[in-house]
Amino acid sequence: MMKKFLDLGRQPIANAYLTKEDFANEFFYNLEVGFDEETKLVSLINQIKPEKMFVDDYPYHSSSSSTMKNHFKEAAQTIKTIFGNDVRVLEIGSNDGVFLKNFDKNKAVAVEPCKNFAQMTNEMGYRTYDEFWTESLAEKICGENGSFDVVYSANCLCHMPSVFDAYKAIFKVLKSGGTLISECPSMFSVLKNTAYDQLYNEHPHLLSLTSTNNLLKEAGFSMINSTDLECHGGSYRVFAGKGNYFAQIDGLDKEKLAGLHEFSTYERFAQKVEKSKTLLRGILEGVGGKTISYGATAKSSTVFNYCGIDSSLISYIVDTTKEKQGKFSPGVHIPIISREEANFDDVSHIFLGAWNYLKEIREKEKTFNGNFITHVPFPNILPSA
Ligand code: DWN
């Protein structure tokens, strides 16, 4: 049974950037979050249909940071090292091909429902299915390509309406002895960092190792190993194989100690989220000068809409993504411009909408003399270097 523990209020679609003409018809929903006592899975109570989110002009490019480009290169290298250069890989949620491009065109197949990206990777020479991941698509892919040694999926399974159904479909395309490798932001890190901004419409679920393990078992898999990753503020890479066997997963013990299986842990998190909102508003109202935001992220859409932060507190957002520039952020309508258009000479503070890339941003903005503001792990003012 799902028990509600958090209400982040009225929220827009996080990756739907707007022109002024779109303001009047903007869609909102109530972002409430619950915990399932049986599977231990954290999920949004009101979920948005995938077709409304993963549209044909979806704006987020996985290769929009050096951090993630390096990450996917490393992931591909790890897979080749473990499984050999001839490994046959199916990637689910291939976005702009940043992972795929590290494999031979005849060794890797992709699934990507956003047609702008599917077209891109098809043109790069990788067979890409522009459909949502389902059991019937799994059967079709298997029929046309045979089964795979590895299914890789990063920041994607937690975007699906049912993680369990996604695993069942993966079971169908994997060879016996094949391996599922999935990466998702970790609930453990979300709790540790009070990173409530990982909760938005595109993440109908946030996975812990505990809930992943429970769902995998039910779908006929066993977790073989898990690695903690730094990306996206703390993620997991989980390795799972078909069948029922035992492996010692240290992360599961760590989560038990931290109480990720208990509702009360999430109730305490909700209290911290409310405090975070008060503190962040206090900082932004108190600093004076000109504050802007770095990175028009899906995450910052949650923060701005939950905390009521609009262009009276954040003058504009800079982002390198062409599709976001010249538009307005969802809900609170802060203008988004390119870094080249922005002049930081009169900027005193930069809010880290993309706090997960702090190192990369600091490196790029060495000449910025003001301070950064972040809300993770708690609202705080940081020096620029
Ligand atoms: O799961 C998801 C993750 C992986 O990506 C999706 N549901 C949506 C998206 O979430 P996000 O928007 O919170 O992701 P990022 O990777 O934190 O977005 C960073 C944004 O900041 C991009 O639009 C690029 C931009 N950026 C920039 O303008 N200058 C990033 C860096 C590092 C920069 O220097």
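Please read these numbers as outputs of a predicted model, since none were measured by experiment.

Some words on the overall build of the chain
Here's step 1: Counting secondary structure elements, the chain contains 11 helices and 17 strands.
Here's step 2: Taken against the 2.2 N^0.38 rule, which gives 21 Å for 385 residues, the C-alpha radius of gyration of the chain at 21 Å falls within 12% of a compact globule.
Here's step 3: Judged by the C-alpha coordinates and their principal axes, the chain covers about 60 × 50 × 40 Å.
Here's step 4: Nonlocal contacts in the chain, meaning residues at least 24 apart in sequence, comprise 66% of its contacts between residues at least 6 apart.
Here's step 5: Per element, the accessible surface of the chain, about 16100 Å² overall, is 50% carbon and sulfur.
Here's step 6: Of the charged side chains in the chain, 41 are positive and 48 negative; the average position of the first set lies 2 Å away from that of the second.

Brief notes about the nonpolar core
Here's step 1: One finds L90, W133, Y167 and I170 to be the most contacted residues of the largest nonpolar core, which totals 83 residues.
Here's step 2: Here this core takes eight residues from helix α9 (residues 263-286), the largest share from any one element.
Here's step 3: If we ignore the near neighbours within four places in the chain, the residues touching I170 are I92, W133, V151, L157, L180 and F221.

Observations concerning the sheet that holds strand β6 (residues 128-129)
Here's step 1: Read from one edge to the other, the open sheet built from seven strands follows the order β6-β5-β4-β7-β8-β11-β10, with strand pairing classed as mixed. Sheet topology places β6 and β10 (221-229) at the edges, where each strand pairs with a single neighbour.
Here's step 2: Pairing geometry for β10 and strand β11 (residues 235-242), over eight bridges, is antiparallel. Its bridge partner lying in β11, N225 is registered against F239.
Here's step 3: Helix-sheet contacts for helix α2 (residues 66-83) involve β4 (89-92), β7 (148-154), β8 (174-185), β10 and β11, and the interaxial angle to β7 is about 160°.

Some details on the sheet that holds strand β13 (residues 317-318)
Here's step 1: Taken in spatial order, the six strands make up an open sheet running β14-β13-β12-β15-β16-β17, and their pairing is mixed. Two strands bound the open sheet, and with one partner strand each, they are β14 (336-337) and β17 (380-383).
Here's step 2: Here strand β15 (residues 349-351) pairs with strand β16 (residues 371-374) via three bridges, running parallel. By the bridge assignment for β16, I350 is matched with F372.
Here's step 3: On the sheet, α9 packs against β12 (291-294), β15, β16 and β17 and is oriented at approximately 155° with respect to β16.

Quick notes on α2
Here's step 1: Taking 1.5 Å as the rise per residue, α2 with 18 residues should run 26 Å; its terminal C-alpha atoms sit 26 Å apart, in good agreement.
Here's step 2: Every buried residue of α2 is accounted for by M68, H71, F72, A75, A76, I79 and K80.
Here's step 3: Looking at the buried side of α2, the elements it contacts are β4, β7, β8, β10 and β11.
Here's step 4: Count one or two residues on from α2 and you reach G84, which has phi positive near 95°.

Quick look at a negative patch on the surface
Here's step 1: A grouping of D56, D57, D130 and E323 is seen on the molecular surface, where their side chains present a negatively charged patch.
Here's step 2: Inspection of the secondary structure puts D130 in the loop between β6 and α4 (135-145).
Here's step 3: Exposure remark for D130: the relative accessible area of 32% places this residue in the partly exposed category.

Thoughts on the environment of S147
Here's step 1: Residue position: S147 is located in the loop between α4 and β7.
Here's step 2: For the pair S147 and P377, spaced 230 residues apart in sequence, the C-alpha separation works out to 42 Å.
Here's step 3: Ignoring anything within four residues of it in the chain, the contact list for S147 reads R88, C142, V173, L174 and K175.

What about the site of the ligand?
Here's step 1: Residues in contact with the ligand amount to 24 residues; listed here are only the nearest, Y60, E202, K299, Y357 and K364.
Here's step 2: Within the side chain of T321, one N or O atom sits 3.3 Å away from an oxygen atom of the ligand.
Here's step 3: Between the ligand and K324 there is a distance of 2.7 Å, counted from an oxygen atom to a side-chain nitrogen or oxygen.
Here's step 4: Bound to the protein, the ligand loses 97% of the 720 Å² it would expose on its own.
Here's step 5: Broken down by secondary-structure element, the contributors of at least two residues to the shell around the ligand are α10 (298-307) and α11 (358-364).
Here's step 6: Of the residues contributing to the shell around the ligand, the split by class is six nonpolar, 12 polar and six charged.

Quick look at unusual backbone geometry
Here's step 1: Residue P377 is reached from V376 by a cis peptide bond, and omega for that bond is -5°.
Here's step 2: Assignment of secondary structure puts P377 in the loop between β16 and β17.
Here's step 3: With a phi close to 55°, H232 is a non-glycine residue in the positive phi region.

What to know about the pairing of strand β2 (residues 28-36)
Here's step 1: For β2, the buried fraction is high: seven of the nine residues fall into the buried class.
Here's step 2: Where strand β1 (residues 2-12) lies against β2, eight bridges are found, and the strand directions are antiparallel. Each residue of the ladder has a partner; that of Q11, found in β2, is Y29.
Here's step 3: By the bridge criterion, three bridges tie β2 to strand β3 (residues 42-44) in an arrangement that is antiparallel.

Basis of the calculations
- Residue numbers here run from 1 along each chain, matching the order of that chain's written sequence.
- A pLDDT threshold of at least 70 governs which residues receive local features in this predicted model, and a stricter bar of 80 or more applies before side-chain atom pairs are shown or counted, although totals over entire chains, interfaces and linings include all residues.
- Hydrogens and water molecules were not included; the side-chain quantities draw on all heavy atoms of the structure.
- Each helix corresponds to a stretch of at least 4 residues labelled H or I by DSSP, and each strand to a stretch of at least 2 residues labelled E; elements are numbered beginning at the N terminus.
- Only C-alpha atoms enter the radius of gyration; for comparison, a globular chain is expected to reach 2.2 Å times N to the power 0.38, where N is the number of residues.
- Two residues form a contact once any of their heavy atoms are found within 4.5 Å.
- A 1.4 Å probe and the Shrake-Rupley method give the accessible areas. Residues count as covered only by the protein chains that appear here.
- A positive count includes Lys and Arg, and a negative count includes Asp and Glu. His and the chain ends are not counted in either.
- Just so you know, the charge point we use is NZ for Lys, CZ for Arg, CG for Asp and CD for Glu.
- We define a nonpolar core as any set of buried Ala, Val, Leu, Ile, Met, Phe, Trp, Tyr and Cys residues linked to one another through side-chain atoms lying within 4.5 Å.
- Note on exposure labels: buried denotes an accessible area under 20% of the residue type's maximum, exposed denotes more than 50%, and partly exposed covers the range between, all computed with a 1.4 Å probe on protein chains only.
- We call two strands paired when DSSP finds no fewer than two bridges between them.
- Each axis is a line fitted through C-alpha atoms, taken for helices only over the stretch in contact, and angles between the N-to-C directions span 0 to 180 degrees.
- Expected helix span is given by 1.5 Å per residue-to-residue step, counting one fewer step than there are residues.
- The patches described consist of residues with a relative accessible area above 30% and no salt bridge, like charges being joined within 9 Å and nonpolar side chains (Val, Leu, Ile, Met, Phe, Trp, Tyr) within 5 Å.
- Basic side-chain nitrogens of Lys or Arg form a salt bridge, by our definition, when they fall within 4 Å of a carboxyl oxygen of Asp or Glu.
- We call a residue near a given molecule or strand whenever any one of its heavy atoms falls within 4 Å of it.
- For the purposes of these results, a polar contact is taken to be a pair of N or O atoms within 3.5 Å, where, inside protein, one atom must be able to donate a hydrogen and its partner to accept one; residues adjacent in sequence count only when each atom of the pair is a side-chain atom.
- All amino acids are sorted into three groups, where Ala, Val, Leu, Ile, Met, Phe, Trp, Tyr, Cys and Pro are nonpolar, Asp, Glu, Lys and Arg are charged, and the leftover types, Gly among them, are polar.

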